[in-house]
Amino acid sequence: MREDLEKIEAVLNEQVRPALRAHGGELEVDHLEGGVLYVKLLGQCAGCPAADLTNETLVEAELVKALPELVRKVVVVQTVSDELWEQAKRLLRDHHL
């Protein structure tokens, strides 16, 4: 499994991350399960209206093309950053909700 993730990271580093970083974004691998790669979009990509399109046309397209034996589909895991959680808690405390 470790070797599979290393292959995936290599493709991401060469083909995907440079394009994401050019727009202030980033990507983190969450896990691989049964040919489905779960990723987190970070930075400007997190919550972007075009995130689904970016995943389909860039992330998934490049990985499926380069590693069809490992990756059949890429799914974006929706997350909330620690910073956003802390901000939400502060707002709730300040408003006594």
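Residue positions are counted from 1 within each chain, in the order its sequence is given. Local features in this predicted model are restricted to residues whose pLDDT is 70 or higher, and side-chain atom pairs enter the listing and the counts only when it is 80 or higher, whereas totals over whole chains, interfaces and linings include all residues. To get the side-chain values, all heavy atoms of the structure are used, and hydrogens and water are removed first.

## Digging into the sheet that holds strand S2 (residues 36-43)
Then, in step 1: In this scheme, strands are said to pair when DSSP sees at least two bridges between them. Strands are runs of DSSP state E lasting at least 2 residues, helices are runs of H or I lasting at least 4, and numbering of each runs from the N terminus. The mixed open sheet is built from three strands, whose spatial order is S1-S2-S3. For this open sheet the edge positions go to strand S1 (25-33) and strand S3 (73-76), each flanked by a neighbour on one side alone. Here the strands of the sheet are splayed against their neighbours by 30° on average, with no regard to which way each runs.
Then, in step 2: For S2 and S3, the ladder comprises four bridges, and the chain directions are parallel. When the bridges of S3 are listed, Leu37 appears paired with Val74.
Then, in step 3: Sheet strands touched by helix H1 (residues 2-21): S1 and S2. Its angle to S1, the strand with the most contacts, is close to 155°.
Then, in step 4: Pairs of residues are marked as contacts when any of their non-hydrogen atoms sit within 4.5 Å. Angles run from 0 to 180 degrees between N-to-C directions of axes, and those axes are lines fitted to C-alpha atoms, restricted for helices to the stretch in contact. Against the sheet, helix H2 (residues 51-66) engages S1, S2 and S3, with an angle of about 145° to S3.

## Regarding the environment of Asp82
Then, in step 1: Structurally, Asp82 is set in helix H3 (residues 82-94).
Then, in step 2: For Asp82, a relative accessible area of 63% corresponds to the exposed category.
Then, in step 3: The sequence separation of Asp82 and Val39 amounts to 43 residues, and the corresponding C-alpha distance is 17 Å. Any residue under 20% of the maximum accessible area for its type is buried, any over 50% is exposed, and the rest in between are partly exposed; the area is computed with a 1.4 Å probe on protein chains only.

## Concerning the packing of H1 against H2
Then, in step 1: Interaxial distance between H1 and H2 falls to 10 Å at its minimum, and their mutual angle equals 150°. In terms of their interaxial angle, H1 and H2 are classed as roughly antiparallel. The handedness of the crossing between H1 and H2 comes out as right-handed. Contacts between H1 and H2 involve Ile8, Val11, Leu12, Gln15, Val16, Ala19 and Leu20 on the former and, on the latter, Thr54, Leu58, Val59, Glu62, Leu63 and Ala66.
Then, in step 2: Three classes are used: nonpolar for Ala, Val, Leu, Ile, Met, Phe, Trp, Tyr, Cys and Pro, charged for Asp, Glu, Lys and Arg, and polar for all others, with Gly counted as polar. The residue inventory of the contact of H1 with H2, partitioned by class, reads 10 nonpolar, two polar and one charged. For classification purposes, angles smaller than 35 degrees are called roughly parallel, those larger than 145 roughly antiparallel, those between 65 and 115 roughly perpendicular, and all remaining angles oblique. Note on convention: the crossing is left-handed when the near helix lies turned anticlockwise from the far helix by less than a right angle, right-handed when the turn is clockwise.

## Things to note about the pattern of salt bridges
Then, in step 1: The rule for a salt bridge is simple: a side-chain nitrogen of Lys or Arg has to be within 4 Å of a carboxyl oxygen of Asp or Glu. Under the counting rule described, the total for this entry stands at 10 salt bridges.
Then, in step 2: Linking Glu3 and Lys7 is a salt bridge whose minimum nitrogen-to-oxygen distance equals 3.8 Å. Pair noted here: Glu3 and Lys7 are both in helix H1, with a separation of four residues, about one helical turn.
Then, in step 3: When the shortest N-O distance is used, the salt bridge between Arg21 and Glu26 registers 2.8 Å.
Then, in step 4: Residue classification places Arg21 among the partly exposed positions, given a relative accessible area of 47%.

## Thoughts on the nonpolar core
Then, in step 1: One finds Ile8, Leu12, Leu37 and Leu63 to be the most contacted residues of the largest nonpolar core, which totals 21 residues.
Then, in step 2: Of all the secondary-structure elements, those providing two or more residues to this core are H1, S1, S2, H2 and S3.
Then, in step 3: Per-element accounting of this core gives the leading share, five residues, to H1.
Then, in step 4: Among all residues touching Leu12, those that are not within four sequence positions of it are Arg17, Pro18, Leu27, Val29, Val59 and Leu63. Take the buried Ala, Val, Leu, Ile, Met, Phe, Trp, Tyr and Cys residues and link them wherever side-chain atoms come within 4.5 Å; each set so joined is a nonpolar core.

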